[in-house]
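Architecture and fold: a report
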Amino acid sequence: MNYDQLVMDNMGFIVSLAEEYHNKHRQVDLDDLVSEGTLAMLHAARKWDPERGVRFVNYAVRDVRKAMERLLPEEVITTEALPEKLKAGKPHTDDAAERGDFEASVFPALGFLNEREQYVITSYYGIDIDDRMTMAEIAQEMQVTRSRVRQIRKTAERKMRRILNHNVFI
């Protein structure tokens, strides 16, 4: 099988996907996105088995997207996106309005997370508990690695940013 030809036949897909990512994230160079997508598709071509009945582009799309997404900047939690309590743990304030704002925005967003994500976020940021926990403490409690806790936290934070930025729960 000629892997290079398989990739060349699907360059239109790679370029269109790269343009899509480039339009959303202008700071990433289009040529870099195309290069990463091409390498990922070449790698997918080497693993692809036509006997399984899956079209090549359908098989490769996940690898190509993943490679391009690695080039995208990690989204930063902005001050507008998350309330103070989620950014830096419990604020030291008795301001009822701020507490009400927190409850109105963070608690509904927590409801969109699965049980593990909720546990990690509430423990790490000290939401509804007396003391914040470190990732190592959470990992020990959950019987997973610290790295896995970090992955769960990052996923949950991304979900919450999307929810809070788009007011999904309103």
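Structure shown above.
First, a word on what this report is: a plain description of the structure on this page. (Residues numbered from 1 in each chain as written. Predicted model: local features only at pLDDT ≥ 70, side-chain atom pairs only at ≥ 80, totals over all residues. Heavy atoms only, no water.)

Notes on the packing of helix α2 (residues 11-24) against helix α3 (residues 30-47)
Here α2 crosses α3 at 135°, and the two axes come no closer than 9 Å. Taken together, α2 and α3 sit at an angle that is classed as oblique. The chirality of how α2 crosses α3 is right-handed. The segment α2 lies against α3, with M11, F13, I14, V15, A18, E19, Y21 and H22 engaging L30, L33, V34, G37, T38 and M41. Along the lines of polarity and charge, the residues of the contact of α2 with α3 split into ten nonpolar, three polar and one charged. (Axes fitted to C-alpha atoms, helices over the stretch in contact; angles between N-to-C directions. Helix = DSSP H or I, 4+ residues; strand = E, 2+ residues; numbered from the N terminus. Parallel < 35°, antiparallel > 145°, perpendicular 65-115°, else oblique. Left-handed = near helix turned anticlockwise from the far one by under 90°. Contact = heavy atoms within 4.5 Å. Nonpolar A, V, L, I, M, F, W, Y, C, P; charged D, E, K, R; others polar.)

Observations regarding unusual backbone geometry
Its identity is not glycine, yet Q143 carries a phi of approximately 60°, on the positive side. Tracing the sequence through the fold places Q143 in the loop between α8 (135-142) and α9 (146-166).

Structural notes on α8
For α8, the complete set of buried residues consists of M135, I138, A139 and M142. Down the axis of α8, the buried side of the element spans an arc of 100°, and every buried residue falls inside it. Seen from the open side of α8, the exposed residues pointing more than 90 degrees away from its buried face are Q140 and E141. Among the residues trailing α8, Q143 stands out with phi positive, at a value near 60°. (Buried < 20%, exposed > 50% of the residue type's maximum accessible area, 1.4 Å probe, protein only. Arc of directions from axis to C-beta.)

Considering the packing of aromatic side chains
In total, this model carries one aromatic pair according to the counting rule given. Over the aromatic face of Y124 sits the side chain of R132, whose NZ or CZ is 5.8 Å from the ring centroid. Taking the ring centre of Y124 as reference, the NZ or CZ of R153 above it sits at 4.7 Å. (Phe/Tyr/Trp six-rings, centres within 6.5 Å; stacked < 30°, edge-to-face > 60°. Lys NZ or Arg CZ within 6 Å of the ring centre and 35° of its normal.)

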